[in-house]
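Spelled out, the chains give:
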Amino acid sequence: MTTVAAPPNIGTADAVECSHCGLDVPAGLIESDATEQFCCQGCRSVYRIIHGSGLDRYYDMRRSLERKKARAESRETPVSVYEDPAFIARYTETVGGITTATLALEGLHCPACVWLIERLGRVVPGVLEANVNASRMTVRVRWQAEHCTFADVVRGLHELGYPAAPPRDDAESRRPESRSHLVRIGVAGALAGNVMLVSIALYAGVFEGIEAKYFALFRWVSAVLGLIALAWPGRIFFRGAIAAVRTRTPHLDIPISLALLVGTAWGLSNTIRGTGEIYFDTLTTLIFLLLIGRFIQAQQQRRAADAVDMLLRITPGIVRLVQADGLTQSRPVEAANVDDVAEVHAGETIPIDGCVVEGESDQDEAILTGESVPVPAREGDNVWAGAVNLTSTIRVRVTAVGAATRSARLMQLVSDAAASKSPIVQLADRISGWFVVIATSIAIIIGAAWTIAGSPHAIDHATAMLIVTCPCALGMATPLVLSVGIGRLARAGILVKGGEPIERLSKPGTIFLDKTGTLTTGSMRVVEWYRVDDETACRVRSLEAKSRHPIARAIAASGSHAAEADGAQHITGAGAIGEVEGKSLVVGTPRLLSDEGIAIDQDTEAWAAEVGRRGLSAVLVAEDGRLAGGVAIGDEVRPEARHLVDNLCDSGWTVAVLSGDAAGPVAHAAAELGIDNARSRMSPEQKLAAVRHAVRARDDDGSRGAIVMIGDGVNDSAALAAADVGIAVHGGADVSLDAADVSMQRAGLGAIAQLLLGSRNAMDRIRLCIGASLGYNFVAVTLAAAGILHPLLAAVLMPISSITVVSIAAGTGARLGETTAGGE
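Just so it is clear, the model here is predicted, and its values are computed rather than measured.

Attention now moves to the overall build of the protein. Across its full length, the protein holds 29 helices and 27 strands. Counting all 824 residues of the protein, 48% fall into the buried class. Here the contacts in the protein between residues at least 6 apart in sequence split such that 67% fall between residues at least 24 apart. Per element, the accessible surface of the protein, about 37,400 Å² overall, is 56% carbon and sulfur.

The next subject is the sheet that holds strand β16 (residues 510-513). Taken together, the 7 strands give an open sheet; going across it, the order is β15-β27-β26-β25-β16-β23-β24, and neighbouring strands pair in mixed fashion. Whereas interior strands pair on both sides, the edge strands pair on one side only; in this sheet they are β15 (494-496) and β24 (677-679). Pairwise comparison of adjacent strand axes, ignoring direction, gives a mean angle of 15° for this sheet. Summarising the sheet, β16 and strand β25 (residues 707-711) pair through 4 bridges and their orientation is parallel. In the sheet register, Thr-510 faces β25, and the bridge partner there is Ile-707. Docked against the sheet, helix α28 (residues 750-785) engages β15, β16, β25, β26 (725-728) and β27 (742-744), running at close to 140° with respect to β27.

Let us look at the pattern of salt bridges. Under the criterion given, the structure shown has 14 salt bridges. Taking the shortest distance from any N to any O, the salt bridge between Arg-142 and Glu-129 comes out at 3.5 Å. Pair noted here: Arg-142 is in strand β4 (residues 138-144) and Glu-129 is in strand β3 (residues 127-133), with a separation of 13 residues, a long-range link. For the salt bridge of Glu-581 with Arg-539, the shortest nitrogen-to-oxygen distance reads 3.3 Å. Remark: Arg-539 occurs in helix α19 (residues 534-544) and Glu-581 occurs in the loop between β19 (575-580) and β20 (583-588); sequence separation between them is 42 residues. For Arg-539, a relative accessible area of 8% translates into the label buried. Through salt bridges with shared partners, a single network forms among Arg-504, Arg-698, Asp-699 and Asp-724.

The strand order across the open sheet formed by 6 strands is β17-β22-β21-β20-β19-β18, and the pairing between neighbours is antiparallel. Lying at the two open borders of the sheet, with one neighbouring strand each, are β17 (525-530) and β18 (566-571). Between one strand and the next, the sheet's axes are offset by a mean angle of 20°, whatever the strand orientation. Pairing of strand β21 (residues 617-623) with strand β22 (residues 626-634), which is carried by 7 bridges, proceeds in the antiparallel orientation.

When the terminal C-alpha atoms of helix α7 (residues 212-231) are compared, their 29 Å separation across 20 residues agrees well with the 28 Å that a helix rising 1.5 Å per residue should span. Residues Arg-219, Ser-222, Ala-223, Leu-225, Gly-226, Ala-229 and Leu-230 constitute the buried set of α7.

Okay, the packing of aromatic side chains next. Evaluation of the coordinates by the stated rule reveals 2 aromatic pairs. With a centroid separation of 5.7 Å and an interplanar angle of 20°, the aromatic rings of Trp-143 and Phe-150 are classed as stacked. In this structure, Trp-143 and Phe-150 share a single accessibility class: buried. An angle of 10° between the planes, with centres 4.7 Å apart, marks the rings of Tyr-530 and Trp-607 as stacked. Taken together, the positions of Tyr-530 in strand β17 and Trp-607 in helix α22 (residues 602-613) put the pair 77 residues apart, joining distant regions of the chain. In terms of burial, Tyr-530 and Trp-607 fall into one category: buried.

Turning to the environment of His-158, a few remarks are in order. Here His-158 lies in helix α5 (residues 150-160). When its relative accessible area of 24% is taken as the criterion, His-158 is described as partly exposed. Through-space distance from the C-alpha of His-158 to that of Leu-105 is 9.6 Å; in sequence the pair is 53 residues apart.

Mean pLDDT over the protein stands at 75; residues scoring 70 or higher make up 71%. Contacts of residues 303-312 to residues separated by more than four positions or lying in other chains number 23 contacts, the stretch itself having pLDDT below 50.

What follows deals with the pairing of β26. Along β26, one buried face is formed by Val-725 and Ile-727 and the opposite face, lined by Gly-726 and Ala-728, is buried too. In this structure, β26 lies alongside β27, joined through 2 bridges in parallel fashion. Residue Ala-728 lies in a different strand from β27, and its bridge partner there is Ser-743.

Positive phi outside glycine occurs at Asp-339, with the angle close to 80°. The residue Asp-339 is located in the loop between β7 (328-332) and β8 (341-344) in this model. The phi dihedral of Asp-624 falls on the positive side, at around 55°, and the residue is not glycine. As for its placement among the helices and strands, Asp-624 is situated in the loop between β21 and β22.

Time to look at the side chain of Thr-536. When you line up the elements, Thr-536 lands in helix α19. Residue Thr-536 is classed as buried on the basis of its relative accessible area, which comes to 2%. When sequence neighbours within four positions are dropped, the list of residues in contact with Thr-536 reads Val-621, Glu-623 and Ala-628.

Moving on to the nonpolar core. Formed by 41 residues in total, the largest nonpolar core has its most connected members in Ile-675, Val-708 and Leu-755. Sorting elements by how many residues they give to this core places α28 first, with 8 residues. If we skip the residues at most four places from it in the chain, Ile-675 touches Leu-513, Leu-519, Val-645, Val-655, Ala-656, Val-657 and Ala-670. Counting 27 residues, the second largest nonpolar core, distinct from the first, contains Ala-101, Phe-150, Ala-164 and Ala-243.

On to the environment of Thr-589. Looking at where Thr-589 falls in the secondary structure, it is placed in the loop between β20 and α21 (590-595). Each C-alpha atom of the pair Thr-589 and Ala-576 lies 9.5 Å from the other, and the pair is 13 residues apart in sequence.

For the rest of this paragraph, the subject is the environment of Val-198. Turning to its location among the elements, Val-198 is positioned in helix α6 (residues 175-208). When its relative accessible area of 12% is taken as the criterion, Val-198 is described as buried. Here the alpha-carbon distance between Val-198 and Phe-218, two residues 20 residues apart in the chain, equals 6.1 Å. With residues near it in sequence (within four places) discarded, Val-198 still touches Phe-218, Val-221 and Ser-222.

Taken together, Val-183, Val-224, Ile-228 and Trp-232 make up a surface patch of nonpolar side chains, about 330 Å² in accessible area. Looking at where Val-224 falls in the secondary structure, it is placed in helix α7.

Conventions and cut-offs
Residues numbered from 1 in each chain as written. Predicted model: local features only at pLDDT ≥ 70, side-chain atom pairs only at ≥ 80, totals over all residues. Heavy atoms only, no water. Helix = DSSP H or I, 4+ residues; strand = E, 2+ residues; numbered from the N terminus. Buried < 20%, exposed > 50% of the residue type's maximum accessible area, 1.4 Å probe, protein only. Contact = heavy atoms within 4.5 Å. Areas by Shrake-Rupley, 256 points an atom, 1.4 Å probe, with all protein chains shown as cover. Pairing = 2+ DSSP bridges. Axes fitted to C-alpha atoms, helices over the stretch in contact; angles between N-to-C directions. Salt bridge = Lys/Arg side-chain N within 4 Å of Asp/Glu carboxyl O. Expected span 1.5 Å × (residues − 1). Phe/Tyr/Trp six-rings, centres within 6.5 Å; stacked < 30°, edge-to-face > 60°. pLDDT = per-residue confidence, 0-100. Core = buried A, V, L, I, M, F, W, Y, C linked by side-chain atoms within 4.5 Å. Patch = residues over 30% accessible without salt bridge, like charges linked within 9 Å, V, L, I, M, F, W, Y side chains within 5 Å.

Spelled out as structure tokens, the structure:
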């Protein structure tokens, strides 16, 4: 037969692999003169079909997948890889001798672990900062490049008991750790079950009698199984305790390890002496229950962070690019470049930012803005990655891809927020740390007191005390309320950069409001026509249609047009002159009409003066040499602005306006809204100075109210950054988005009042969680000190208390999101 080059999978004569399936070929089927070898006729037939169809690449792909699978089974990246220059360049960033990297962690299960890892600098000299994101199981490390290397940082984390690897966004990266935890639980359960069976025999022997040799044998079997439980599944607690001692950090694993060590030492001593309680049934069950509680707690924490995680995966990974011949080709979104043209079909999520160049459709921007009403997408309109194209196919010229898209930048704010720590989170961390020290000291005192009193259960009481005192709920509830709430606020179109703004917004202070684009709509529009009939208004709109001036564009967009204007002349700062449908028109300022010899009557002058007092611009209209009337143009106050200001004042906030607009419009808007303190014609520097002065005055008074700036433009960005909390409203400039602590992606001002209410609710529930945790621990310590609480019951209560408080925290996050999501 004819032979072809086969995949390189034929081994030695002793172990020949099948060319198709890779299994060993029986000795009787080996063909010494053939290139391909097969274990059966079925494999031979399939191989010939694949080869005859020109599909030999199947074997290359299969071997590649097998190699990838083999590599994926190793959970940890070898430390030597972190010395590779290409690897370092990909995963680190160095600026001014300071290197930064983000790493995924294993073994992170509670805030105590966070404290421990954030003291990495005590283990690795040269590390400046280690900032842990517990929800994402990552750590962001900054170090001095001249004092330590990437590999040193990873070795330090390994020494602390937290294996590190480059972060991955997919759920696959969580499976190895979950699998390891489940294995530990399974082994601990098996050991605990067997020790319990042995204990049943020992307890039965107390009542029915048992020979001395079997009594000793069963006690030694219990001791051996108990030691295995401590050395294998239980070593996770000792590893955390040792690392905590090295870094002088109060960690929950310290009292747990002490309880296990004391119980084991006492039980082993009694086993050797052949008298007294041996505790190994309690200890093995304790390890089993603690591991279960820790696993459930970790799973619940991950589910609580899903609201943030989902936001980071809202855009598709495939883009349909239009080729030179007009046909399309599906490519990874990373392959798209600026100025490429992409095609998006109806019902698809837009993968890139761009500008529509062909077609007309509607897009659903709810995921980005919280708006439920679709917005049009016509030629010249912008579309955003993450929005959904609803009605028909459009072609879009790419303006941004990947991390540069608007959705990626907005979602990065949410991601960064999860890693930030507000003052109340730091307070909870400090309380938890001291709690571990105090609880451990009390347990030692309790054990000593019961021993002096001659109680045979002194070790039981001390062990129960060490186990039942749990600062996990105390430390975990606070960041969970904030992180879950931040994620759900983002879904509602309100992006908050961390927990500190929420904490600050819960205490009333002073709010500075920009006028244009914040209290007002930010765009010129026709407010009213004065004495101008419909036909003349159509001709005026046609005359203004070719101008780019904001007032002219507002007039042109206010309704239907007549025929195209002839000889239109647009005069800078004055208006426009031209002819439409045989009628000569003059549209502009009173001075322009006077220059054209058109008289203005007193009624029109009075109307123009009244329009000016209302903060609007008066444009006069003349047709065929006679005054026809006028049109009032202005930036209207948002309809919900008065309701917002009233709510703020009722809640104890002091409201003021800082605007760069003229005095008339500012005064009119302030009067309409009932705001007494309104300053106009303010430069960006003056706005910044006003905010800084308010902050200094607040600090000098010793008050706790927040100084808040709400704006939308480039001229507000410095003031937004200087305020305690800067809020950028919907439609604002990108620089104001970057400077602000909160970005409103929903149109209107209603979300601001909802954010303030939600912030108060969140802080109230955080305090409730802290109080509940401290109350639980007070009761538990009292019961343990009185000798009422058995170690096994303590092991059951500890994870239940944590899960209960964490559930309250997660529910608060939902309440925060719902509070702000509900309409205006």
